[in-house]
Amino acid sequence: MYRIKISLLIIALTGTQLIAYAQHKPINQRVDSVLRLMTLDEKIGQLNQIGPVSDTAGVNSIKRGYVGSMLVVHGVKDVKQMQALAMQSRLKIPLLFGYDVIHGYKTIFPVPLGESASWDTAAIRASARIAATEAAASGVNWTFAPMVDIARDPRWGRIVEGAGEDTYLGSQIAKARVLGFQGKKLGDVDAVMACAKHFAAYGAVSAGRDYNDVEMSDHQLWETYLPPFKAAVDAGVATFMSSFNTLNGVPAAASNYLQRDILKGKWNYKGFVISDCGSITQMISWGYVADEKDAALKAILSGCDVDMTSNAYVHNLKQLVAEKKVSVALIDDAVKRILYKKFELGLFDDPYRFCDEKRQADAWNDPVHKDAALQMAERSMVLLKNQNHLLPLHAHGQTIALIGPLIKSKHDLQGSWIAAGVEERVLSVYDGLTKKFGNNVHFTYAKGADIKENDTTGFATAVQAARQADMVIMALGENGDMSGESTSRADIGLPGRQVELFNAIKATGKPVVVVLMAGRPLVFNEIADNADAILYAWFPGDEGGAAIANVINGDYNPSGKLPVTFPLSVGQIPLTYNGYQTGHPYTAFGVPFQSRYTDVPNTPRYAFGYGLSYTDFKYSNLILDKTSMAKVGVINASFTLTNTGKYAGEEVVQLYINDAIASVVQPMKKLKDFKKVALQPGESKTITFTIDNEKLSFYNQQLQWVSEPGIFKLMIGSASDDIMLQSDFELK
Ligand code: BGC
């Protein structure tokens, strides 16, 4: 009787009412209840993502329920307007709104590579949390971040979007960012879905050229490139995005191996996968499929759930089902994954829950966000050189010439992907320094040169300003849009005439501090050799000018460490800290028959993990609680870290391990842990790293994650090339 009543009730209800009726049910059941009502066209609509629409055709397709999500549409007003169209559709299935919230939404933080230089996963997580809070208050419920691609080629402009070259550091940061974006749980009003991208191996595009092919051994894929994606899965990432590249001849958007075997198979991933922008139809241009229909077929079969802007699914899936090439069950699986997330986000219960004008305004103007952006920027900066302790600068009435194309720039400080960021919020280096030092310093200014231009007519005024000053601070580098998507460079030197400008200024004999801004490691040997101090500021975001001023005057003692190797020469690329000893080990430049170049040393300009502080740290007294361990056991390695200098500061202590003999030859060092430790002058702390079997494991020739008994070397240091303490131990 009760059942009959319920069924009658269900029949009488419209789709949305049915859903509302089922509110107390588990999400899976609610998903099924919606799925049962959907036509094939409506199902395919859920797999279709489109950009902003203004034409009637676009509007009508949303009203018909033929669109599941939109990208780029953001801000309460626009999102509300589009969601209202979806609410006119038969089943009123709410839209998802995805956007590239990469390093801030309204408040712009340092670019991701810069944040990664902080090695501060708590701060990185907090930055993503703030970005999510602002985005979620502005209608966005899905960010296309984090990019977790390991990148070892600074020619590739997208190196700026990730965490650099190292798998361990990259995995920790991937986790921090996912947890930050998604907050306590999806469904909270300040949480957005994260998206681990670009699956996979995009950072290894041939020759560092964007969108190119990737040829990679399975071993390298599993050992180096997949772990950050797995870390994102383990952290609960809601979605995945495939990449533009081919992997061993197969476009990632149609890779059965990546999407079905690994992600949805071995890793049992329950979220959904979106293609990259247009990458489904780009398979035609790759020569992998004949036409759009073939592209849709290959993509859906291989596990790509959502088509980002190719229109290949809406145009072809119905026909492919009719031809029995694609089963409805396969489409249902994709639709269920998407509906599940819409339920989880609470969109069925309130499609406008991310659309509150007041919350939006409050989030955009929250002073806590501005302060966090400042702190993150300070922590991201890497002091590369500080001859004669020129920095920090003690102001005592001197004249300082501020020179260079980035001194007064604002927009560049935001880097690429600036979501809803605006230039007006940026504090330039000029503003930051003049505000900080006030009347204690007399500042003069000369731009000297533009970033990309060949014009040197500004040199004379700049040289004159330098001559009349006690010292010079230069801000040089790339434009903010010279890294990011589609910005690969073959020559990663400073663009334009900036090196000549530096040389002219240096020739005045005045001390020169150079602040470098870029989204990638640059090659700048003359500056590295001749500047008195160098601060690598990446693109530091809205508060960059204030952060740089705080570092220069010592209010903040720099603590950043490079998350990526800085080469001496483009010809060394790809150059990483964790290379191999080889059968012809390199000992020094110029020695024949070693694995080497005849024209440049093997060593980098600045090694992975390198970065100076205003204070000094002493590493001493390494003690291992055991000299051997079983696979089920652990070894605790403790040492004393002392701040022997004059300033309070933070040191990133790094643990590296080498597996001396293994069935797959191992790198000379692999980062396996790190800690950021704060110490007052004179203070000491005991630091302990715990080594377990996981830290000693690798992928063997059968791609099994194993450890092998034998001798291991443990190395602790302040950079990958500055090992202070080491000891051997045995795995039994
Ligand atoms: C990029 C993605 C991005 C997408 C949406 C693509 O061109 O490769 O990283 O998320 O556009 O904007």
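No experiment lies behind these values; they were computed from the predicted model shown.

Moving on: helix α8 (residues 121-136). Taking 1.5 Å per residue, 16 residues should reach 22 Å; α8 reaches 22 Å between its end C-alpha atoms and fits that length. Listing the buried residues of α8 in full gives A123, I124, S127, A128, I130, A131, A132, E134, A135 and A136. Those residues of α8 that are buried lie in contact with α7 (112-116), α9 (167-182), α17 (357-364) and α18 (367-380).

Attention now moves to the site of the ligand. Close contacts around the ligand come from 13 residues, with D100, R158, H198, D276 and E485 the closest. In the model, an oxygen atom of the ligand is placed 2.5 Å from a nitrogen or oxygen of the D100 side chain. At a separation of 2.8 Å, an oxygen atom of the ligand approaches a polar side-chain atom of K197. A total of 310 Å² of accessible area belongs to the ligand in isolation, and the protein chains cover 92% of it. A per-class count over the shell around the ligand returns 7 nonpolar, 1 polar and 5 charged.

A word on the pattern of salt bridges. Under the counting rule described, the total for this entry stands at 35 salt bridges. Ionic pairing is found between K230 and D234, a salt bridge with its closest N-O pair at 3.0 Å. With a gap of 4 residues between them, K230 and D234 both fall in helix α11 (residues 227-234), about one helical turn apart. Here K230 falls in the partly exposed class, since its relative accessible area comes to 29%. By relative accessible area, which is 55% here, D234 ends up exposed. Ionic pairing is found between K325 and E323, a salt bridge with its closest N-O pair at 3.0 Å. Classification of K325 as partly exposed rests on a relative accessible area of 45%.

This brings us to unusual backbone geometry. F199 connects to A200 through a cis peptide bond whose omega is 5°. Going from L391 to P392, the amide bond is cis rather than trans, its omega being 0°. Its place among the elements puts P392 in the loop between β11 (382-386) and β12 (399-403).

Take the nonpolar core next. Among the nonpolar cores identified, the biggest contains 180 residues, and F199, F240, I403, M474, I505, F524 and Y536 are the most heavily contacted of them. Listed in part, the 23 residues of the second largest apolar core include Y619, F712, L725 and F729.

This brings us to the environment of A295. One can find A295 in helix α14 (residues 292-301). Placed 103 residues apart in sequence, A295 and V192 show a C-alpha to C-alpha distance of 30 Å. Excluding its chain neighbours within four sequence positions, the residues that come into contact with A295 are I280, T281, M283 and V289.

Before going further, it helps to examine the packing of aromatic side chains. Across all of its chains, the model carries 35 aromatic pairs by this definition. Counting every residue linked through ring pairs, the aromatic cluster contains F199, W222, F229, F240, W267, Y269, Y699 and W705. Taking the ring centre of Y288 as reference, the NZ or CZ of K298 above it sits at 5.9 Å.

Before going further, it helps to examine the sheet that holds strand β5 (residues 195-199). Strand pairing in a sheet relies on backbone hydrogen bonds, with the paired strands running either antiparallel or parallel. If you walk across this open sheet you meet the 3 strands as β5-β6-β9, and the pairing is parallel. The sheet terminates laterally at β5 and β9 (272-274), the two strands that pair on one side only. Ignoring which end each strand starts from, the neighbouring axes of this sheet average 25° apart. Where strand β6 (residues 239-242) meets β9, 3 bridges bridge the pair, whose relative direction is parallel. Among the inter-strand pairings, M241 is bridged to a residue of β9, identified as I274. Sitting on the sheet, helix α12 (residues 256-266) is in contact with β5, β6 and β9, with an inclination near 140° to β5.

Attention now goes to the side chain of N48. For N48, the location among the structural elements is in strand β1 (residues 48-50). For N48, a relative accessible area of 3% corresponds to the buried category. A polar atom in the side chain of N48 sits 3.0 Å from the backbone oxygen of Y66. Residues in contact with N48, not counting those within four places in the same chain, are Y66, V67, G68, S69, D307, N311 and V314.

Our focus in this paragraph is the sheet that holds strand β13 (residues 442-446). Taken in spatial order, the 6 strands of this open sheet run β11-β16-β15-β14-β12-β13, and their pairing is mixed. Every interior strand has two partners, whereas the edge strands, β11 and β13, have only one. In this sheet, adjacent strand axes meet at a mean angle of 15° when their direction is disregarded. Direction of pairing for strand β14 (residues 471-477) relative to strand β15 (residues 512-517): parallel, over a ladder of 6 bridges. By the bridge assignment for β15, G477 is matched with M517. Sitting on the sheet, helix α23 (residues 544-553) is in contact with β14, β15 and β16 (533-536), with an inclination near 145° to β15.

By the element assignment, E161 lies in the loop between β4 (142-143) and α9. What makes E161 buried here is its relative accessible area of 2%. Engagement of the side chain of E161 in a polar contact is seen with the side chain of W417, the distance being 3.0 Å.

Neither face of β6 is open: one carries T239 and M241, the other F240 and S242, and all of them are buried. As defined by bridge partners, β5 adjoins β6 across 3 bridges and the pair is classed as parallel. For F199, the partnering residue across the bridge sits in β6 and is S242.

To continue, consider empty space enclosed by the protein. Applying the stated criterion across every chain yields a total of 7 cavities of 30 Å³ or more. Of the voids in this model, the largest cavity is the one considered here, and its volume is about 80 Å³. Lining the largest cavity, in full, are M38, E42, Q46, I62, G65, V67, A86, S89, R90, L91, K92 and I93. Class assignment of the residues belonging to the lining of the largest cavity gives a composition of 6 nonpolar, 3 polar and 3 charged. Around the second largest cavity, the lining residues are I657, N658, D659, Q666, P667, K670, K672, K695, L696, S697 and F712. Those elements that provide at least two residues to the lining of the second largest cavity are β20 (649-659) and β21 (670-679). Examining the composition of the lining of the second largest cavity, we find that 3 residues originate from one element, β20, more than from any other.

Residues at a pLDDT of 70 or more form 97% of the chain, whose mean pLDDT is 96. Here residues 1-13 scores under 50 on pLDDT; set against residues more than four positions off or in separate chains, the count is 5 contacts.

Basis of the calculations
- Residues numbered from 1 in each chain as written.
- Predicted model: local features only at pLDDT ≥ 70, side-chain atom pairs only at ≥ 80, totals over all residues.
- Heavy atoms only, no water.
- Helix = DSSP H or I, 4+ residues; strand = E, 2+ residues; numbered from the N terminus.
- Expected span 1.5 Å × (residues − 1).
- Buried < 20%, exposed > 50% of the residue type's maximum accessible area, 1.4 Å probe, protein only.
- Contact = heavy atoms within 4.5 Å.
- Near = heavy atom within 4 Å.
- Polar contact = N/O pair within 3.5 Å; in protein donor to acceptor, adjacent residues only side chain to side chain.
- Areas by Shrake-Rupley, 256 points an atom, 1.4 Å probe, with all protein chains shown as cover.
- Nonpolar A, V, L, I, M, F, W, Y, C, P; charged D, E, K, R; others polar.
- Salt bridge = Lys/Arg side-chain N within 4 Å of Asp/Glu carboxyl O.
- Core = buried A, V, L, I, M, F, W, Y, C linked by side-chain atoms within 4.5 Å.
- Phe/Tyr/Trp six-rings, centres within 6.5 Å; stacked < 30°, edge-to-face > 60°.
- Lys NZ or Arg CZ within 6 Å of the ring centre and 35° of its normal.
- Pairing = 2+ DSSP bridges.
- Axes fitted to C-alpha atoms, helices over the stretch in contact; angles between N-to-C directions.
- 1 Å grid on protein atoms, 1.4 Å probe; cavity = no way out; pocket = protein on both sides within 12 Å on 5 of 7 lines; lining within 4 Å.
- Points joined across faces, edges and corners; volume = space filled by probe spheres on them.
- pLDDT = per-residue confidence, 0-100.

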